[in-house]
Amino acid sequence: MKKKKIVVFTGAGISAESGLKTFRDSGGLWEEYKVEDVATPEAWLDNPVRVLEFYNMRRRQAVGAKPNPAHLALVQLETIYDVQIITQNIDDLHEKAGSKKILHLHGEINKCRSSIDDSLIYPVKGTDLKMGQLCEKNSQLRPHIVWFGEFVPMMEHANILASSADIFIIIGTSLNVYPAAGLVNFVPEKVPKYLIDPQGVSKDYIPNLNINRKKAGVGVPELVKNLLK
């Protein structure tokens, strides 16, 4: 018998409970850095050393982070469902938890790529990426991150996955960052949708949406328990 497909869309809120700072919340990274200085193609051209150090700090932070109950609960769903995770997060907490199918929309902190050929992607050795580290075409390696203003290459694939969901779960995101926030529009109207986030979201434009205004570490295990019944 074919398993029902659950597509899970995760944002910064799920990682925050593992101690990783979010960009938009109080005390988040944007309070320390201007987005235009560290997360745009223009920033890379203007000051690549600063950009590399910003992501080196994030990488060092991510190394010690551990999955929280929300990440671990999602793995349990795989016992009876076909689970596909689509994440806006660049950390590897879903991988650490043991989830098998993960699509990173905005790149991965533990990878780097050529600054002239996007197809040349490599693991970062250690925690720091430095000036002078080159790809096989002799160009500087940059973080494998989708910066603001850049094309999101995995978006079309994510839209296709969303359209195939039997159940759609949204965790830890306010659905404010586009194009990723538009993902829910590709989920069929009849499909049950669950949003777990303290901020909630206006449900006027999302049919068949159930909202749980709890933190991911509490709300996700509760939902998983119900879905496994």
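Look up: the structure comes first, before these words.
So, here is what we can say about the structure in this document. Counting restarts for each chain, with residues numbered from 1 along the sequence as it is written. Side-chain atom pairs in this predicted model are given and counted only at pLDDT of 80 or more, local residue features only at pLDDT of at least 70, and totals for whole chains, interfaces and linings cover all residues. Side-chain descriptors were evaluated using all non-hydrogen atoms of the structure, hydrogens and water having been removed beforehand.

1. Some points on the overall build of the protein chain
Operational definition: Helix and strand assignments follow DSSP, with helices taken as H or I runs no shorter than four residues and strands as E runs no shorter than two, numbered in order from the N terminus. As a reference, a globule follows 2.2 Å times the number of residues to the power 0.38, and the radius of gyration itself is taken over C-alpha atoms. For this analysis, residues touch if any pair of their heavy atoms sits within 4.5 Å. Accessible surface area values rest on a Shrake-Rupley calculation with a 1.4 Å probe, where residue burial reflects the displayed protein chains alone.
On a plain count of helices and strands, the protein chain comes out with eight helices and nine strands. Taking 2.2 N^0.38 as the reference for a compact globule, 229 residues should give roughly 17 Å; the C-alpha atoms of the protein chain span a radius of gyration of 18 Å, in line with that estimate. Across the protein chain, the fraction of contacts at a sequence separation of at least 24, relative to all contacts at a separation of at least 6, is 62%. By element, 54% of the accessible surface of the protein chain is carried by carbon and sulfur atoms, the whole surface being about 11400 Å².

2. Examining the packing of helix α5 (residues 69-76) against helix α8 (residues 216-227)
Note the threshold: Between N-to-C directions, angles cover 0 to 180 degrees, with each direction set by a line fitted to C-alpha atoms, over the stretch in contact for helices. Angles are sorted into four bins: roughly parallel if under 35 degrees, roughly antiparallel if over 145, roughly perpendicular if 65 to 115, and oblique for all others. Working rule for handedness: look at the near helix, and if it is turned counterclockwise from the far one by less than a right angle, call the crossing left-handed; if clockwise, right-handed. Nonpolar residues are Ala, Val, Leu, Ile, Met, Phe, Trp, Tyr, Cys and Pro. Charged residues are Asp, Glu, Lys and Arg, and all others, Gly as well, are polar.
Viewed as axis vectors pointing N to C, α5 and α8 meet at an angle of 15 degrees, and their least axial separation amounts to 7 Å. Classified by the interaxial angle, the pair formed by α5 and α8 is roughly parallel. Crossing of α5 over α8 shows left-handed handedness. For the pair α5 and α8, the contacting residues are Pro69, Ala70, Ala73, Leu74 and Gln76 in the first and Ala216, Gly217, Val220, Pro221 and Val224 in the second. Split by residue class, the contact of α5 with α8 holds eight nonpolar, two polar and no charged.

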